[in-house]
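Letter by letter, the chains look like this.
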Amino acid sequence: MNKIDIHIICGPTASGKSAHAMQKASELNGVIINCDSQQIYDALPILSAQPPQQDKDQIPHILYEHLHPNNICSAGNWREIALPKIQETIKENKTPIICGGTGLYIKALIDGLSPMPDIPDEIRTKVVEKYNKLGAQAFYDELYKRDPETAQRFHVNHKARIIRAMEVIEATGKSLADWQKLPRETPPEEWNFIITKVLPTREQLYQRCNARFDIMLKQGALEETEEFSKRIDDGEINENVPMAKALGFKQLREYIKGETSLEDAIETAKTKTRHYAKRQNTWFKNQI
């Protein structure tokens, strides 16, 4: 059996993954496929560190700015949309370069997931609307009544996971726990995953986090935060969408609303970015 190489370039935020992916794609006639849970959304391109347009012009980039901010994308959702993109890339005799820092997406691709039905868009929309109407706790309580086995695995704040569980039971009448007892659907046997972990030293990583946030501010992160915040205030975007958790968004929004100084907002954002990168670094060292 001829093996097909699938390259995965992963690591914490600000580690330099995108530069590695660009180099690899240039060498191997590659297509870069996003596996970052923030960059998949069409919002906050600066704060989410979307690849610059000149990179996208030079090398094909897929699944960047792919979803509306109100959508929820679990590891299962991402796998559903990523697999066809990988297969299309292979058919075009190009090399898939999976790049990003969302470890659960990567594990879903490598290890596979239990088979799941396609969830119709209207059910996804209905479930998200229900979540927004009920709030996290009441939504979780309803899931617990309908699928206690799955609900016990999750915390009330595991938004994407509890929404996914509700989608499955709404669409199929069968619990996520029952679906997950079925044998995993693994990737094709001929796929050979070549994993590159970009793991700078802690000192290097912290320096990169601080420097990148300064660059983001110069590129217009404050202005983009103000625009996204207005879309939330106007009701166009839900208050608790995943993009609202983008590193730095909460702090810059607090400054815009007059709740903190710009200096404090920047310092807090940098601190939280460093802490997040540290946790990611540990996770990738131990889990991938």
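All chains use their own residue numbering, which begins from 1 and follows the written sequence. Thresholds applied to this predicted model are a pLDDT of at least 70 for local features of residues and 80 or more for the giving and counting of side-chain atom pairs; totals over whole chains, interfaces and linings are not thresholded and use all residues. Values reported for side chains reflect all heavy atoms of the structure, with hydrogen atoms and water molecules removed beforehand.

## Here's the deal with the overall build of the chain
So, step 1. Scanning the chain from terminus to terminus reveals 13 helices and 5 strands.
So, step 2. A radius of gyration in this sense is built from C-alpha atoms; the matching globule rule multiplies 2.2 Å by the number of residues raised to 0.38. Relative to the 2.2 N^0.38 estimate, which gives 19 Å for 288 residues, the radius of gyration of the chain is 19 Å and therefore close to what a compact globule would have.
So, step 3. In the chain, the share of contacts with a sequence separation of at least 24, taken over all contacts with a separation of at least 6, comes to 77%.
So, step 4. For the chain, the exposed surface amounts to about 14,400 Å²; the carbon and sulfur share of it is 47%.
So, step 5. For the chain, the distance from the average position of its 39 positive side-chain charges to the average position of its 40 negative side-chain charges is 5 Å. By the criteria applied, helices consist of DSSP H or I runs no shorter than four residues and strands consist of E runs no shorter than two, each listed in order from the N terminus. Whether two residues touch is decided by their heavy atoms; if any such pair falls within 4.5 Å, the residues are in contact. Here the Shrake-Rupley method, with its probe set to 1.4 Å, supplies the accessible areas, and only the displayed protein chains count as covering residues. His is not counted, nor are the chain ends; Lys and Arg add positive charge and Asp and Glu add negative charge. Where a charge lies is defined by one atom per residue type: Lys uses NZ, Arg uses CZ, Asp uses CG and Glu uses CD.

## With respect to the packing of helix α12 (residues 249-256) against helix α13 (residues 262-287)
Helix packing geometry: the angle between the two helix axes and the distance between the axes.
So, step 1. Their axes nearest at 8 Å, the elements α12 and α13 cross at an angle of 170°. As judged from the angle between their axes, α12 and α13 are roughly antiparallel. Mapping the contact onto sequence places Gln251, Leu252 and Tyr255 in α12 and Leu262, Ala265, Thr268, Ala269 and Lys272 in α13.
So, step 2. As a working rule, the residues Ala, Val, Leu, Ile, Met, Phe, Trp, Tyr, Cys and Pro are called nonpolar, Asp, Glu, Lys and Arg charged, and the rest polar, with Gly in that last group. Here the contact of α12 with α13 is built from residues that sort into 5 nonpolar, 2 polar and 1 charged. Axis definition: a line fit to C-alpha positions, over the contact stretch in the case of helices; interaxial angles, taken between N-to-C directions, run 0 to 180 degrees. Throughout, the term roughly parallel applies to angles under 35 degrees, roughly antiparallel to angles over 145, roughly perpendicular to angles from 65 to 115, and oblique to all others.

## Here's the deal with the environment of Tyr206
So, step 1. Residue placement: Tyr206 occurs in helix α10 (residues 202-219).
So, step 2. Only protein chains enter the accessibility calculation, which uses a 1.4 Å probe. A residue is then buried if its area is under 20% of the maximum for its type, exposed if over 50%, and partly exposed in between. Look at Tyr206 and you get partly exposed, because its relative accessible area is 22%.
So, step 3. Each C-alpha atom, one on Tyr206 and one on Ile110, is 29 Å from the other, the two residues being 96 residues apart in sequence.
So, step 4. For Tyr206, the residues in contact, after removing those within four places along its chain, are Arg274 and Lys278.

## A look at the pairing of strand β2 (residues 30-34)
On a regular strand, one side chain projects to one face of the sheet and the next to the other, so that they alternate.
So, step 1. Summarising burial for β2: 5 of the 5 residues are buried, a large majority.
So, step 2. Here β2 shows a buried face lined by Gly30, Ile32 and Asn34 and a second buried face lined by Val31 and Ile33.
So, step 3. One bridge is not enough; two strands pair if DSSP finds at least two bridges between them. With 5 bridges connecting them, β2 and strand β4 (residues 95-100) associate as parallel partners. In the strand pairing of β4, Gly30 is matched with Thr95.
So, step 4. Pairing between β2 and strand β3 (residues 61-62): 2 bridges, direction parallel. Pairing of Ile33 across the sheet is with Ile62, part of β3.
So, step 5. For the crossover from β2 across helix α2 (residues 53-58) to β3, the handedness is right-handed. A right-handed crossover is one whose linking path, passing over the helix from the first strand to the second, runs clockwise when the strands point away from the viewer.

## Concerning the sheet that holds β3
So, step 1. The 5 strands lie next to each other as β3-β2-β4-β1-β5, forming an open sheet whose pairing is parallel. In the strand order of this sheet, the two ends are held by β3 and β5 (191-197), each with one partner.
So, step 2. As paired strands, strand β1 (residues 4-10) and β4 are joined by 4 bridges and run parallel to one another. Along β4, the bridge assignment pairs Cys10 with Gly100.
So, step 3. Packing of helix α3 (residues 75-91) onto the sheet brings it into contact with β1, β2, β3, β4 and β5, and relative to β4 it is tilted by some 150°.

## Here we look at helix α6 (residues 136-146)
So, step 1. Inspection of α6 places Phe139, Tyr140 and Leu143 among the buried residues, and these make up the whole buried set. The arc that holds the buried residues of α6, viewed along the axis, is 100°, so those residues lie on one side.
So, step 2. In this fold, the buried residues of α6 make contact with α5 (121-134), α7 (148-151) and α8 (159-172). In this description, one arc is meant: the one made by directions from the helix axis to the C-beta atoms.

## Overview of the side chain of Asn281
So, step 1. Considering the arrangement of structural elements, one finds Asn281 in helix α13.
So, step 2. Beyond its immediate stretch of four places on either side in the chain, Asn281 contacts Pro12, Leu199, Pro200 and Leu205.

## Things to note about the side chain of Lys17
So, step 1. The residue Lys17 is located in helix α1 (residues 17-28) in this model.
So, step 2. For salt bridges, the criterion is a side-chain nitrogen of Lys or Arg within 4 Å of an Asp or Glu carboxyl oxygen. For the buried residue Lys17, which engages in no salt bridge, the nearest side chain bearing the opposite charge is Asp36, 5.6 Å off.
So, step 3. The contacts of Lys17, once residues within four sequence positions are left out, are Ile9, Cys10, Gly11, Pro12, Cys99, Gly100, Gly101 and Val198.

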